[in-house]
Amino acid sequence: MTTLRIERSPEQLAEELKALEHVDWPSIWAGPPNPGQALDDWCALFDWTPTSAERVLTVRSGSGQEFALFPVRSAGWAPVKQLGWTSWQMSADDPAENDEVLARAAGTWDAYVAAARTVLGEPSFAGAWDDPAFPEPPHERHWLMPRDLRLEDMDPYRMAVWSEGGPEGHTTVLTVKPGSVRTRDALRRAMIKVTCYPPEAE
């Protein structure tokens, strides 16, 4: 029997993306102040409440979704290199369910892409890990995985990308992370993740 650990609906995803349309992205990429009243005030600008300040800042949005803001340098808070969250997660309770978990993740991803389209429009790419049109990273430090690793790990298993140009733009990526099953008795844990990157990360 599979276990559904996280399940935010496609409608909730659309609500989360809609709320992010009105945030000051340059301020987010510049990064938060140190914990304390200044951090609380900074989060309030985006209708967020800080939930943890341990290494990576996590916040709860007005819609109830928890976001994580990952810094460029692990020892510091700013600048921020990506903002992300997990909308859906399922794990197998038996290795025989691994394929089912991956199929469920792919089907659920389709519904999330459809919901995201209502807010973000048509993605520049939406497809599977082995799609010939899958975008390749322009340099070795890019957030996209190198082609050989992607094909070997089938990761990301599915991906959709929306990019907004300009200094105040950002790139939104919706992926299925398949989870590692490198041994026969490994249990797959697949996730559908949303990640936003600054324009210079493209």
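Higher on the page you've got the structure.
Cut-offs used in this document
Residues numbered from 1 in each chain as written. Predicted model: local features only at pLDDT ≥ 70, side-chain atom pairs only at ≥ 80, totals over all residues. Heavy atoms only, no water. Helix = DSSP H or I, 4+ residues; strand = E, 2+ residues; numbered from the N terminus. Rg over C-alpha atoms; globule rule 2.2 N^0.38 Å. Contact = heavy atoms within 4.5 Å. Areas by Shrake-Rupley, 256 points an atom, 1.4 Å probe, with all protein chains shown as cover. Lys, Arg positive; Asp, Glu negative; His and termini not counted. Charge placed at Lys NZ, Arg CZ, Asp CG, Glu CD. Core = buried A, V, L, I, M, F, W, Y, C linked by side-chain atoms within 4.5 Å. Buried < 20%, exposed > 50% of the residue type's maximum accessible area, 1.4 Å probe, protein only. Phe/Tyr/Trp six-rings, centres within 6.5 Å; stacked < 30°, edge-to-face > 60°. Lys NZ or Arg CZ within 6 Å of the ring centre and 35° of its normal. Pairing = 2+ DSSP bridges.

In terms of helices and strands, the chain carries 5 helices and 9 strands. Counted from the first residue to the last, the chain has its helices and strands arranged as β-α-α-α-β-β-β-β-α-β-α-β-β-β. On C-alpha atoms alone, the chain measures out to a radius of gyration of 17 Å, which is about the 17 Å that the 2.2 N^0.38 rule sets for 202 residues. Each principal axis of the C-alpha distribution contributes one length, and for the chain these read about 50 × 35 × 35 Å. Put simply, of all contacts in the chain between residues at least 6 apart along the chain, 56% involve residues at least 24 apart. Carbon together with sulfur atoms contributes 49% to the accessible area of the chain, which is approximately 10500 Å² in total. Of the charged side chains in the chain, 19 are positive and 31 negative; the average position of the first set lies 5 Å away from that of the second.

Right, let's get into the nonpolar core. Nonpolar side chains in soluble globular proteins tend to end up buried together. Grouped together as the largest cluster of nonpolar side chains are 45 residues, with contacts concentrated most on Leu 20, Ile 28, Trp 42, Trp 48, Leu 69, Trp 85 and Leu 174. In terms of residue count, helix H4 (residues 98-120) provides more of this core than any other element does, 10 residues in total. With sequence-adjacent residues up to four places away left out, Trp 48 is seen in contact with Leu 20, Ile 28, Trp 42, Cys 43, Val 59, Arg 60, Ser 61, Phe 67, Leu 69 and Leu 83. Counting 7 residues, the second largest nonpolar core, distinct from the first, contains Phe 134, Val 161, Val 173 and Tyr 197.

This part takes up the packing of aromatic side chains. Considering all chains together, one arrives at 8 aromatic pairs under this definition. For the ring pair Trp 25 and Trp 29, a centre distance of 5.1 Å and an interplane angle of 25 degrees mean the geometry is stacked. With Trp 25 and Trp 29 both in helix H2 (residues 25-30), this residue pair falls 4 residues apart, about one helical turn. Residue class for Trp 25 comes out buried when judged on its relative accessible area of 3%. Its relative accessible area of 6% is what places Trp 29 among the buried residues. Cluster of aromatic residues (ring-pair linked, three or more members): Trp 42, Phe 46, Trp 48, Phe 67 and Trp 85. Between Arg 150 and the ring centre of Phe 134, over which it is positioned, the NZ or CZ distance is 4.0 Å.

Direction of pairing for strand E2 (residues 49-52) relative to strand E3 (residues 57-60): antiparallel, over a ladder of 3 bridges. Across the sheet, Pro 50 pairs through a bridge with Val 59, a residue of E3. Between E2 and E3, which pair antiparallel one after the other, the connecting turn spans 4 residues, and Arg 55 there sits at a positive phi close to 65 degrees.

With that settled, consider unusual backbone geometry. Going from Ala 78 to Pro 79, the amide bond is cis rather than trans, its omega being 0 degrees. Mapped onto the elements of the fold, Pro 79 is located in the loop between strand E4 (66-71) and strand E5 (80-91). At the junction of Asp 155 and Pro 156, the peptide bond is cis and its omega measures out at 5 degrees in the coordinates. Notably, Asp 47 is not glycine yet its phi reads approximately 65 degrees, a positive angle. Examined against the element boundaries, Asp 47 turns out to sit in the loop between helix H3 (37-44) and E2.

Purely spatial values, then, with no claim about function.
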